[in-house]
Amino acid sequence: MVAAKSPCWKPKVSFNNRSRILFNHNNWNSIRRCLDSIAIPLAEQNPHSLYKRFLKPILFLLPAEKAHYFVNFMLRVWLSIPGGKQITRKIYRKHYPTTGRKVFGHYFENPVGLAAGFDKDASMFKHLEHFGFGFIEVGTFTPEPQDGNPKPRLFRLPKDEALVNRMGFNNGGVIEAARRLKNRSPRSKMIIGGNIGK
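Residues numbered from 1 in each chain as written. Predicted model: local features only at pLDDT ≥ 70, side-chain atom pairs only at ≥ 80, totals over all residues. Heavy atoms only, no water.

Digging into the overall build of the protein
Secondary structure summary: the protein contains six helices and nine strands in total. Sorting the 198 residues of the protein into buried and exposed places 27% on the buried side. Of the contacts made within the protein by residues no fewer than 6 positions apart, 56% connect residues no fewer than 24 positions apart. Put simply, the protein shows about 14200 Å² of open surface, and 60% of that area lies on carbon and sulfur atoms. (Helix = DSSP H or I, 4+ residues; strand = E, 2+ residues; numbered from the N terminus. Buried < 20%, exposed > 50% of the residue type's maximum accessible area, 1.4 Å probe, protein only. Contact = heavy atoms within 4.5 Å. Areas by Shrake-Rupley, 256 points an atom, 1.4 Å probe, with all protein chains shown as cover.)

A look at the confidence of the model for the protein
Taken as a whole, the protein shows an average pLDDT of 82; of its residues, 76% reach a score of 70 or greater. Predicted confidence is poor over residues 1-25, with pLDDT under 50, and the contacts of this stretch with residues over four places away or in other chains come to 26 contacts. (pLDDT = per-residue confidence, 0-100.)

Thoughts on the pairing of strand β6 (residues 135-141)
Along any regular strand, the residues point their side chains to alternate faces of the sheet. For β6, the buried fraction is high: five of the seven residues fall into the buried class. Taken together, the two bridges between strand β5 (residues 113-114) and β6 define a ladder with parallel strand orientation. Within the sheet, the bridge partner assigned to Leu 114 lies in β6 and is Ile 136. Sheet analysis places β6 next to strand β9 (residues 191-196), joined by six bridges and oriented parallel. Across the sheet, Gly 139 pairs through a bridge with Asn 195, a residue of β9. (Pairing = 2+ DSSP bridges.)

Things to note about the sheet that holds β6
On the basis of which strands lie adjacent, the open sheet formed by three strands has the order β5-β6-β9 and parallel pairing. The outermost strands of the open sheet, each flanked by one partner alone, are β5 and β9.

Some details on the pairing of strand β8 (residues 162-165)
Two elements, strand β7 (residues 154-157) and β8, share four bridges in a ladder whose sense is antiparallel. Bridging from a neighbouring strand, Arg 156 pairs with Leu 163 of β8.

Observations concerning unusual backbone geometry
The omega angle of the peptide bond from Gly 139 to Thr 140 is 20°, so this bond is cis rather than trans. Inspection of the secondary structure assignment puts Thr 140 in strand β6. A cis amide bond links Lys 151 to the next residue, Pro 152, at an omega of -5°. Here Pro 152 shows up in the loop between β6 and β7. Of note, Phe 104 is a non-glycine position whose phi angle comes to about 50°, a positive value. Note that Phe 104 resides in the loop between β3 (101-103) and β4 (106-108).

A closer look at the pattern of salt bridges
As enumerated under the stated definition, the model contains four salt bridges in all. The shortest N-O distance in the salt bridge between Lys 52 and Glu 161 comes to 3.6 Å. Here Glu 161 lies in the loop between β7 and β8 and Lys 52 lies in helix α2 (residues 47-59), a separation of 109 residues in the sequence. For Arg 179, the salt bridge goes to Glu 176, with nearest N and O atoms at 2.7 Å. Taken together, the residues Arg 179 and Glu 176, both in helix α6 (residues 174-182) and three residues apart, mark about one turn of the helix. Judged by relative accessible area, Arg 179 falls into the partly exposed class, the value being 42%. We classify Glu 176 as partly exposed; its relative accessible area is 33%. (Salt bridge = Lys/Arg side-chain N within 4 Å of Asp/Glu carboxyl O.)

In structure tokens:
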């Protein structure tokens, strides 16, 4: 636990004439140290154990597809909280120089990426890049929006710890996806791939 005297909890701030809070350089360093003190113990836990003990019982109360969208929503909420992105990167982003590869002129920090099917509409990639993937593939996109297969279309196999995915190409169409991709942050270095269907 962080000591009560830590400047992270009692930052020295000042207000300018537009009532904006101003943090000095030392305060930001203190905040970073505070976030590290939270993230490092979490990183030392077994993520699979945390998932089984806390998250899985909650998610299994929902149908599989609703659980998927619920997780997407909660990721957005978590990463919008101040410090959420820093803690997530501290836990999941590991830098090993030996895993980096340059392929077709593009440098991949590691060879583990997220395949198409999770971010079907290119609406989550800016959140998912904080989880340490070497690349993210979005889609599958189709020229026109599609509803996909009739529900239910995503099924759990608990004994096999697996899913049967029969969702089809449910997506909002390639034009909307392209608009989101064009608006990505120019500071992002994440390599984004796209999957196209018809």
